[in-house]
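Architecture and fold: a report
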Amino acid sequence: MQMNRRLFGLGISALALSACSRSVASRLSTDAPDTLPPDLLPAANADYDAWVAAFRARATAQGISESTLNTAFRGAGFLPGVVTRDRNQTEFRRSLEDYLSIAASDERVEKGRQALARHRATLEAIEAESGVDKEIVTAIWGLESYYGERQGLIPVISATSTLAYEGRRGRYFERELIAALRIVQNGDIPARQMTGSWAGAMGHTQCMPTVFQEYAVDFTGDGRRDIWSADPSDALATTAAYLRRHGWTRGLRWGGEVGYGEPEGTIIQPQDGGPRFSTTSNFRVIKRYNPSDAYALGVGHLADRIGGAGPLRGTFPPDEYGLTRADRIRLQERLTARGFDTQGADGVIGDNTETAIREFQASQGMPVTGTPSQDLLRRLG
């Protein structure tokens with residue numbers, strides 16, 4: 001599969017450039033800024049300006065009009081924070097248990113059920129046309145942009161031109177930039193409204209410009225393929241079209257937890273000692289959207305939960321600190337009750353919990369490590 005077929009967005013898997021996003025923290029988080037940080041605002045860069053001047057000739061040779069170039073680059077510029085983020089990606093290291101706890105959190109499940117109810121007629125029409133289950137489409141929407149709430153604020157022209165100029169993957173991102181300019185020239189969206197992730201993924205389901213060109217659907221019939229607006233219809237239909245064209249089988253489940261009525265298929269156990277899953281060809285189609293097993297399981301499990309299923313029945317082994325998920329939840333609850341707020345009790349040890357642990361340890365004269373332990377849980381009562 002060529003790179004431009006794989007990059008659909010930039011939000012979940014940290015494994016590689018893929019059909020979906022890369023940073024678990026960014027796309028699975030429920031937090032998003034209302035404004036861009038300073039490093040994601042245009043900064044003076046004479047070399048970038050010279051690159052853009054040379055690029056304009058290459059773009060014109062590929063059919064991009066002078067007026068489109070003028071409009072698209074008005075206000076665009078070099079974004080230093082985009083380069084920083086591209087160079088400082090870290091490998092995804094969370095356990096599958098943590099991943100699924102975030103991907104199918106109670107809040108994400110409830111919001112997904114509400115989103116499905118709100119857009120049921122549209123999702124059922126998309127399912128009838130494409131064969132892709134409405135719950136699967138809704139789950140991808142939930143993981144990629146938190147049901148449209150976290151689409152990204154970074155101008156796509158600035159992001160893709162910055163990465164094309166920077167050069168580490170210059171040819172790839174120049175193709176994405178040309179595709180973004182074609183989208184503007186086609187009238188799908190004005191350049192100033194085309195925003196997304198730091199690497200150019202756009203809209204409700206975080207579609208890269210080249211993939212938008214090939215798969216985007218005008219489901220509403222208004223003459224525009226609009227994956228950004230408050231109406232998610234075109235974006236959801238685009239996601240279903242992508243899955244269908246990559247081999248989705250109508251009526252076949254993605255798989256399920258082994259021992260609980262799952263369909264026959266390939267058995268996987270992504271986390272040692274954790275639940276096993278039987279997966280079908282549709283699971284592999286989800287992986288064309290993003291090649292991570294964790295992502296595909298997140299989509300499948302969240303889809304099941306949105307459809308009314310309960311949590312996984314199997315258990316995961318204790319973590320490296322000897323704590324089960326129930327232990328970690330108790331730890332978070334007790335820290336918060338003592339005035340060291342962990343910002344929720346989901347059993348996932350993240351930055352907020354580590355900060356709370358450090359503050360508690362400091363208050364007790366303990367070594368300040370920020371790491372959980374059975375001893376810490378006992379000290380908290």
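Once a new chain begins, its residue numbering starts again from 1 and follows that chain's sequence as written. For a predicted model such as this one, the threshold for reporting local features is a pLDDT of at least 70, and the threshold for listing and counting side-chain atom pairs is 80 or more; totals across whole chains, interfaces and linings nevertheless cover every residue. Side-chain descriptors were evaluated using all non-hydrogen atoms of the structure, hydrogens and water having been removed beforehand.

What follows covers the overall build of the protein. For helices the rule is a DSSP run of H or I covering at least 4 residues; for strands it is a run of E covering at least 2, with both sets numbered from the N terminus onward. Tallying secondary structure elements over the protein gives 18 helices and five strands in all. When the 381 residues of the protein are sorted by exposure, 52% land in the buried category. Residue pairs in contact within the protein that sit at least 24 positions apart in sequence constitute 66% of those at least 6 positions apart. Of the roughly 16,400 Å² that the protein leaves accessible, carbon and sulfur atoms contribute 46%. Relative accessible area decides the class of each residue, using a 1.4 Å probe on protein chains only: under 20% of the type maximum gives buried, over 50% gives exposed, and in between gives partly exposed. Any pair of residues with heavy atoms lying within 4.5 Å of one another is described as a contacting pair. What sets the accessible areas is the Shrake-Rupley method with a 1.4 Å probe; for residues, cover comes only from the shown protein chains.

A few words on the packing of helix H13 (residues 233-245) against helix H14 (residues 281-289). Axis lines are fitted to C-alpha atoms, over the contacting stretch for helices. Their N-to-C directions set the angle, which ranges from 0 to 180 degrees. H14 packs onto H13 with a crossing angle of 120° between their chain directions and a minimal axis gap of 9 Å. Here H13 is positioned oblique relative to H14, judged by the angle of their axes. Of the two possible hands of crossing, H13 and H14 adopt the one that is right-handed. Contact with H13, carried on its side by Thr239, Tyr242 and Leu243, involves Val285, Ile286, Arg288 and Tyr289 of H14 and no other residues of that element. In terms of residue class, the contact of H13 with H14 is built from five nonpolar, one polar and one charged. Roughly parallel covers angles under 35 degrees, roughly antiparallel covers those over 145, roughly perpendicular covers 65 to 115, and oblique covers all other angles. Two helices crossing with the near one rotated counterclockwise from the far one by less than a right angle form a left-handed crossing, whereas a clockwise rotation gives a right-handed crossing. Residue classes follow a fixed rule: Ala, Val, Leu, Ile, Met, Phe, Trp, Tyr, Cys and Pro count as nonpolar, while Asp, Glu, Lys and Arg count as charged, and any other residue, Gly among them, counts as polar.

What follows concerns the sheet that holds strand S4 (residues 266-268). Should DSSP find at least two bridges between two strands, the strands are taken to pair. What the three strands build is an open sheet, ordered S3-S5-S4; its pairing is antiparallel. If you trace the sheet from one side to the other, it starts and ends with strand S3 (255-257) and S4, each paired once. Pairwise comparison of adjacent strand axes, ignoring direction, gives a mean angle of 20° for this sheet. Bridging between S3 and strand S5 (residues 277-279) involves three bridges; their strand directions are antiparallel. What sits directly across from Glu257, in S5, is Phe277.

It is worth spelling out the packing of aromatic side chains at this point. Stacked, edge-to-face and tilted labels apply to pairs of Phe, Tyr and Trp rings (six-membered ring for Trp) whose centres lie within 6.5 Å, assigned for plane angles under 30 degrees, over 60, and everything in between, in that order. Summed over all chains, the structure comprises 14 aromatic pairs. Where Trp254 meets Phe283, the ring centres are 6.2 Å apart and the plane angle is 35°; that geometry is what we call tilted. Of this pair, Trp254 sits in the loop between H13 and S3 while Phe283 sits in helix H14, placing them 29 residues apart in sequence. Take Trp254 and Phe283: they sit in the same class, and that class is buried. Ring centres 5.7 Å apart and planes at 80° place the aromatic pair Phe340 and Phe360 in the edge-to-face group. Here the residue Phe340 occupies a position in the loop between helix H16 (325-337) and helix H17 (351-363), and Phe360 occupies one in helix H17, the gap between them amounting to 20 residues. Phe340 gets classed as buried once you look at its relative accessible area, which sits at 15%. Taking the relative accessible area as the measure of exposure, Phe360 reaches 1% and is therefore buried.

Here we come to the confidence of the model for the protein. In low-pLDDT segments, the atomic positions of the prediction should not be examined closely. Residue-level pLDDT values for the protein average 90, and 90% of them are 70 or greater. As a per-residue measure, pLDDT tells how confident the predictor is, with possible values from 0 to 100. In this model residues 1-27 is a low-confidence stretch, pLDDT under 50, and it forms 121 contacts with partners more than four residues away in sequence or in other chains.

Membership of the largest hydrophobic core comes to 84 residues, with the highest contact counts inside it found for Phe55, Phe73, Ile136, Leu181, Met194 and Leu243. In this structure Phe55 touches Leu69, Phe73, Glu174, Leu177, Ile178 and Leu181, once residues within four positions along its chain are discounted. Put simply, buried Ala, Val, Leu, Ile, Met, Phe, Trp, Tyr and Cys residues joined by side-chain atoms within 4.5 Å make one nonpolar core. Among the nonpolar cores identified, the runner-up in size contains eleven residues, and Leu331, Leu335, Phe340 and Ile357 belong to it.

On to helix H8 (residues 120-130), then. Listed as buried for H8 are Leu123, Ile126 and Ser130. Take H8 and look down its axis: the buried residues cluster within an arc of 60°, on one side only. For H8, the exposed residues lying more than 90 degrees away from the buried face are Ala121, Ala128 and Glu129. Among the structural elements, helix H7 (106-118), helix H9 (134-145) and H13 are those in contact with the buried residues of H8. As used here, the arc belongs to the directions running from the helix axis to the C-beta atoms.

Attention now goes to the environment of Asp341. Examined against the element boundaries, Asp341 turns out to sit in the loop between H16 and H17. According to the relative accessible area criterion, Asp341 is partly exposed, its value standing at 40%. Considered as a pair, Asp341 and Ile357 are 16 residues apart in the sequence and their alpha carbons are 9.4 Å apart. The contacts of Asp341, once residues within four sequence positions are left out, are Thr336, Asn352 and Ala356. At 2.8 Å, the side chain of Asp341 and the backbone nitrogen of Gln343 are in polar contact. We call two N or O atoms a polar contact when they sit within 3.5 Å, provided that within protein one can donate a hydrogen and the other can accept it, with sequence-adjacent residues counted only if both atoms are side-chain atoms.

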